[in-house]
Every structure is written in C-alpha cells, then in structure tokens.
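Residue-level structural notes
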Amino acid sequence: MNNPALPPLREVIAKHGLSASKALGQNFLFDEQLLDRIAAIPGSLKDQNVYEVGPGPGGLTRALLRAGAKVTAVERDRRCLPALEELSTAFPGQLRVIEGDAMKVDPAAEIGDPFHIASNLPYNVGTALAVGWLGGENWPPEWKSLTLMFQREVADRIVARPGTDAYGRLAILAQWRCEARIAMPVHRSAFTPPPKVMSAVVHLVPKEQPVGVRMAMLETLTAAAFGQRRKMLRQSLKPVPKALDALELVGIAADRRPETVTIEEWIELARKIDTLR
Ligand code: SAM
C-alpha cells in the first residue's frame, strides 16, 4: 500500500488558510483512523475507481488513496485546490481533481469505468446528489456502491423500515433497488467545526435484480401518500387515477396509512396501476 508521510490535516488547513465556510457546508474530518475506517466501508479499494464529492483539504481523499483507490474528486472551493495538488503529488497517478459544482458533474462521463462513490457530503446538496444517484433510470447503475456521510436524521430516513416516523419517500427510493445500512454513526465532535447535529455514514449497494416498476408511477404514488402522511390511503391516493381500484385488487386495505405500507407493497401497487391504464 502506498503510504507516503503526509502533514497532519490541521497543518494543511493552517498552511492554506482553509477557514471553514458554512455556505459550502464545510465540516472537516481530521481523525485519520476514523477516515481509514470510512474508506474501508466499501471493501477493498485497491485499483478501484472512486468518485468523491467535496474533498476539501483531502482528509477522506488521503484515506481512499492510502487504500489504493484511483480517485476522481469534485471540489467547489478553489481554496482547497493547492492542498489537493499536494496529495496528487504524494500519490502519483491516483488523484484527479475537478474544480466545480458536483450538481453539474456526471461522474460516469468523467470516469468511464465502474466506480464507487464515497463522500463526506456537504449538507446543502447532499440529499439532492443522493436522490440523483439513487433515482437514475439505468439499473444496475454505473456506480458499485455509495458510502455517504449524512446528518443522522437523513441517514435514518434512508434506512428507515415501515412503521417508523422516518419511513417515507427517501427510504422507498433508496431501498427499492439497494441494500441500505448505517455503517457507522459519527459523533458531531469528530468534525471541525462541529455541526449542531450527529452524523452517520450510510452504505448502499445496488440489488442485482430489483423488482421492475415504472419509477414515475412509484414517485407519483409515494408523493401523494406521504404528502399527507396522516391521512388514510383512500383519501390521499384519490387524486391518482386507478389507485383506489388497484389498492383493492392487490389487497391493501384503504384505511391504512402510508407508513405501514411496505416497499414491496408500494411496488406491487404501482405495477398494478400501470396494468389498469
Ligand atoms: N471531505 C472533507 C472532509 O471529510 O473533511 C470535506 C467535507 S465537507 C462536509 C464538504 C465539502 O464539499 C467541502 O469541501 C465543500 O467545499 C464541498 N462542496 C460544497 N458544495 C459543493 C458542490 N456543490 N460541489 C462540490 N463540492 C462542494
């Protein structure tokens, strides 16, 4: 494993004057053991392509590089580029940095080959990015796994089971086609500056053969139902043509509330509606 001596991350921050910007969602991780544990979550990364959003001063990036990954990283904050350039020199041929907004970057086009995604996501665009990766038309997707740090509340919504307050559209989108788990809770004190809330790393792996369903229908249904999550399905699904007929045909009681409906049931319902149209 390539493991050149690198200056401590706090020194990197001081040297390059990287005061954390709230607007850019900058909460940095400096504990290299913690970072190595995060980089180990996807399994061996030796010679694997990894896409990282928001490398910042490069804490997670260096852990990924130490694990042998070939990293393509997108960073919006130009101030971080010199620090990342130093990392690139320390790990020759392993790091490519793209300066820009991850919301506008297509990692599949940038990398070409299959890749893992690993990121301590900026909270302001984290959920939108994850929804984009999870909601793609192509399945299996170009990415092999997602290892993503979120605020704990968002992480809980991604892995939520039916019957819980956290269960909703995000859980259904994530778990319909992926195995999703919380890989590691992370205390707020691990970050500089510490955010107000706790965090967690979520690990998602695409299922090989998820049940096919038209995503637009699944979204229409879950948006209608969870948009009024206290209402019974007979009320909230009324605006969706054929939904009430389909409820009866698949045997889902119309007086249930959306958080009691399993992901398999949502899929069955969406498929049934499509056969009635
Ligand atoms: N990876 C570093 C770490 O773990 O210490 C920094 C993580 S920090 C939570 C989020 C990073 O994302 C910051 O470096 C920030 O500048 C960057 N960022 C914020 N918005 C971005 C965007 N739209 N595109 C790319 N990077 C962004």
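Structure first, text after, so check above.
Here's a quick rundown of the structure. From a predicted model like this one, the values you see are computed outputs, not experimental measurements. (Residues numbered from 1 in each chain as written. Predicted model: local features only at pLDDT ≥ 70, side-chain atom pairs only at ≥ 80, totals over all residues. Heavy atoms only, no water.)

Comments concerning the packing of aromatic side chains
The following threshold applies: Here a Phe, Tyr or Trp ring, Trp counted by its six-membered ring, pairs with any other such ring whose centre lies within 6.5 Å, and the pair is stacked when the planes are under 30 degrees apart, edge-to-face when over 60, and tilted otherwise. Burial classification: accessible surface area is computed with a 1.4 Å probe over protein chains only, and a residue below 20% of its type maximum counts as buried, one above 50% as exposed, and the rest as partly exposed. Each helix corresponds to a stretch of at least 4 residues labelled H or I by DSSP, and each strand to a stretch of at least 2 residues labelled E; elements are numbered beginning at the N terminus.
Inspection of the entire model under this criterion finds 5 aromatic pairs. Ring centres of W139 and W143 lie 5.8 Å apart, and the angle between their planes is 90 degrees; on these two criteria the pair is classed as edge-to-face. The class for W139 is buried, based on a relative accessible area of 19%. W143 gets classed as buried once you look at its relative accessible area, which sits at 4%. Between F226 and W266, the aromatic rings sit 5.8 Å apart at their centres with planes inclined by 50 degrees, giving tilted as the arrangement. One end of the pair, F226, is in helix 9 (residues 215-227); the other, W266, is in helix 12 (residues 263-276), with 40 residues separating them in the sequence.

A word on the site of the ligand
Rule in force here: Any residue with a heavy atom lying within 4 Å of a molecule or strand is counted as near it. Within 3.5 Å is the distance limit for a polar contact, defined as a pair of N or O atoms, with the added protein rule that one can donate a hydrogen and the other accept it, and that residues adjacent in sequence qualify only through two side-chain atoms. Note on areas: these come from Shrake-Rupley sampling with a 1.4 Å probe, and a residue is covered only by the protein chains present in the view. As a working rule, the residues Ala, Val, Leu, Ile, Met, Phe, Trp, Tyr, Cys and Pro are called nonpolar, Asp, Glu, Lys and Arg charged, and the rest polar, with Gly in that last group.
Close contacts around the ligand come from 21 residues, with Q26, G54, E75, D101 and N120 the closest. Within the backbone of G56, an N or O atom sits 3.4 Å from an oxygen atom of the ligand. Between the ligand and N120, the relevant distance is 2.8 Å, taken from an oxygen atom to a side-chain nitrogen or oxygen of the residue. Coverage of the ligand by the protein amounts to 99% of the 590 Å² it exposes when considered alone. Elements supplying a minimum of two residues to the shell around the ligand: strand 1 (28-29) and strand 3 (70-75). Among the residues forming the shell around the ligand, the class breakdown is 9 nonpolar, 7 polar and 5 charged.

Quick notes on unusual backbone geometry
That bond from W139 to P140 is cis: its omega, 0 degrees, falls within 30 degrees of zero. Within the secondary structure, P140 sits in the loop between helix 6 (123-134) and strand 6 (143-151). Look at the link from T192 to P193: it is a cis peptide, with omega at -10 degrees. For P193, the location among the structural elements is in the loop between strand 8 (191-192) and strand 9 (199-206). Residues other than glycine seldom take positive phi values, yet D47 does so here, at roughly 65 degrees. Turning to its location among the elements, D47 is positioned in the loop between helix 2 (32-40) and strand 2 (49-53). With phi around 75 degrees, K242 is a residue other than glycine that occupies positive phi space.

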